[in-house]
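Reading the structure
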Amino acid sequence: MAAFTSALSLPELLALTLHFMLLSLLAVGGAITTAPDMQRYVVLDNGWITQSQFSASIAIAQAAPGPNVLFVAVIGWNIAGLWGVAATMLGCLLPSTVLTLYFARWGARRRDSRLLRAFTSGMTPLTLGLLAATGWVLAEPFVREPTQRSGAVALVSITLWSMLRSKLSPMWLVALGAAVGVFGGI
Amino acid sequence: MRCNEAPGSTPRPANPLELFWACNNLALQGFGGVLAVAQRELVERKRWLTREQFVEMLSISQILPGPNIVNLALALGHGYFGLRGAFAACAGLLALPLLIVLILAALYSEFAHEPMLAGALRGMGAVAAGLVLATAAKLASTLKVNPLGLPLCLGLAGLALVAIAWLRWPLVAVLGLLGSAAVALAWSRLAR
């Protein structure tokens, strides 16, 4: 096996893994709700990848078949190749998997316990806020660029309208986005 | 694919390998997310779960932190074959899609500067933002029946939005503070 080479040092990779492990436990609304914090950590605070690499990671995972959580793998790849993938995927999946398996094995049967209902009721509005924050963090770089602004606003609006008012599969919208981009609309 | 089905018995995967392939097929059909496909395949086609069982499994998967579809696969697999089943389901869900996504990522690294590819990814990125906002909007309809009441819910959502998207505070701090407050408030409201 080749010597350890990576764009990041080993302590940095460990820090990345640990941060994503923390996010794994905070991902109550799904991994995508932690995307703004991932962006803050890997793009803004550490500068390991650029904003457009981050945005592209999410787009690639969305277009590809399979769970959208794989955007985490693409982020890891962009940071430090396969080592980065190992760091982000392990971080993102290990803690939540252990927790889920724990509850699958030994979980309380009381589904309607007051604490559980309080947890669900309390977290739902926060999840909504986090999803809105994620949407904003993803859209903002395009909206900020004058040349990309109208295309971005149009695509976001069309997507919103289509998802809320029609049964069109999101894949058509992704294809539309790609087409608009290819022809210079954004 | 063998089905372990005798008249009157519940369909279920015969072994972890069958579960692996079933989850693999689910994932490969899941462009833009696997959950919709999962319901169609598991409930309607394979009949491994009733709709009620699926919905219950899904709601538990959503309450627990982590990717919903991964938690669902873990719960499903564990129910059939314990840890082996959980691992088989999860591996089926992630292994091949991970390979595909990494190939695409490598191609992206190679050709990122090509204007058409860069443009396509920008367009898809904008659509991705819209899809997330749509998820948020759909969630908003559940707030009407939330014990916290609509104004408080919107207030909490707004605080989370400002803290994360504008102030860029760490998620652990925001969820720690707002989450504790929200759950405590909901707990007290539920007593009434």
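Criteria and thresholds
- Residues numbered from 1 in each chain as written.
- Chains lettered and ligands numbered in written order.
- Predicted model: local features only at pLDDT ≥ 70, side-chain atom pairs only at ≥ 80, totals over all residues.
- Helix = DSSP H or I, 4+ residues; strand = E, 2+ residues; numbered from the N terminus.
- Rg over C-alpha atoms; globule rule 2.2 N^0.38 Å.
- Buried ≥ 20, exposed ≤ 12 C-beta atoms within 10 Å, placed from the backbone.
- Contact = placed C-beta atoms within 7 Å.
- Axes fitted to C-alpha atoms, helices over the stretch in contact; angles between N-to-C directions.
- Parallel < 35°, antiparallel > 145°, perpendicular 65-115°, else oblique.
- Left-handed = near helix turned anticlockwise from the far one by under 90°.
- Nonpolar A, V, L, I, M, F, W, Y, C, P; charged D, E, K, R; others polar.
- Domains from an automatic or database assignment.
- Expected span 1.5 Å × (residues − 1).
- pLDDT = per-residue confidence, 0-100.

What follows deals with the overall build of chain A. The helix and strand tally for chain A stands at seven helices and zero strands. Element order for chain A, N to C, with α for helix and β for strand: α-α-α-α-α-α-α. When its C-alpha atoms are laid out on the principal axes, chain A stretches across 55 × 50 × 30 Å.

For the rest of this paragraph, the subject is the overall build of chain B. Helices and strands together make up the secondary structure of chain B, namely seven helices and zero strands. In chain B, the succession of helices and strands from N to C terminus is α-α-α-α-α-α-α. The C-alpha atoms of chain B give a radius of gyration of 21 Å, which is well past the 16 Å a tight globule of 192 residues would have. For chain B, buried positions account for 44% of its 192 residues. Restricting to contacts in chain B with at least 6 residues of sequence separation, those with at least 24 account for 41%.

All right, on to the packing of helix α6 (residues 146-165) of chain A against helix α5 (residues 115-140) of chain B then. At a closest axis distance of 8 Å, the pairing of α6(A) and α5(B) adopts a crossing angle of 40 degrees. By the angle between their axes, α6(A) is oblique relative to α5(B). α6(A) and α5(B) meet at a crossing whose hand is right-handed. Taking contact as the criterion, the partners of Q148(A), A152(A), L155(A), V156(A), T159(A), L160(A), M163(A) and L164(A) in α6(A) are, on α5(B), R122(B), G123(B), A126(B), V127(B), A129(B), G130(B), L131(B), L133(B), A134(B) and A137(B). Residues that form the contact of α6(A) with α5(B) fall into these classes: 13 nonpolar, four polar and one charged.

You can read the domains of chain B as domain 1 (1-113) and domain 2 (136-192). The C-alpha centroid of domain 2 of chain B is placed 30 Å from the C-alpha centroid of domain 1 of chain B.

If you look at the interface, chain B gives 80 residues, while chain A gives 88 residues. Elements with a contribution of two residues or more to the side of chain B that touches chain A: α1 (16-29), α4 (68-111), α5, α6 (150-166) and α7 (171-191) of chain B. If one sorts the elements of the side of chain B that touches chain A by residue count, α5(B) sits on top with 22 residues. By residue class, the composition of the side of chain B that touches chain A is 61 nonpolar, 17 polar and two charged.

All names here are of chain B. A positive phi angle, close to 60 degrees, is found at R47, a residue other than glycine. When you line up the elements, R47 lands in the loop between α2 (35-45) and α3 (51-63). Judged by the 14 C-beta atoms lying within 10 Å of it, R47 is partly exposed. Despite not being glycine, R168 has its phi angle at roughly 55 degrees, a positive value. Following the sequence through the fold, R168 ends up in the loop between α6 and α7. On the basis of neighbour counts, which here come to 15 C-beta atoms within 10 Å, the residue R168 falls in the partly exposed class.

In this section: the packing of helix α3 (residues 51-63) of chain A against α5(B). Contact geometry of α3(A) with α5(B) gives a least axis separation of 8 Å together with a crossing angle of 80 degrees. Put simply, α3(A) runs roughly perpendicular to α5(B). When α3(A) is examined against α5(B), the residues S55(A), A56(A), I58(A), A59(A), Q62(A) and A63(A) are found in contact with a partner set consisting of L121(B), M124(B), G125(B) and A128(B). Considered class by class, the residues forming the contact of α3(A) with α5(B) number seven nonpolar, three polar and no charged.

Looking now at α7(B). The end-to-end C-alpha distance of α7(B), which contains 21 residues, comes to 29 Å, matching closely the 30 Å that a straight helix rising 1.5 Å per residue would cover. Burial in α7(B) covers these residues: L171(B), V174(B), L175(B), L178(B), A182(B) and A186(B). Looking at the buried residues of α7(B), the elements they touch are α1 (10-26), α2 (35-45) and α5 (114-144) of chain A together with α6 of chain B.

Take I100(B): it is sitting in helix α4. Classification of I100(B) by C-beta neighbours within 10 Å gives partly exposed; the count is 17. Sequence-wise, I100(B) and L28(B) are 72 residues apart; in three dimensions their C-alpha atoms are separated by 9.8 Å. Once residues lying within four places of it in the same chain are set aside, the contact partners of I100(B) are A64(A) and P65(A).

Here chain B averages 92 in pLDDT, and 95% of its residues register 70 or above. Reported confidences for the modelled complex are a pTM of 0.92 and an ipTM of 0.93.

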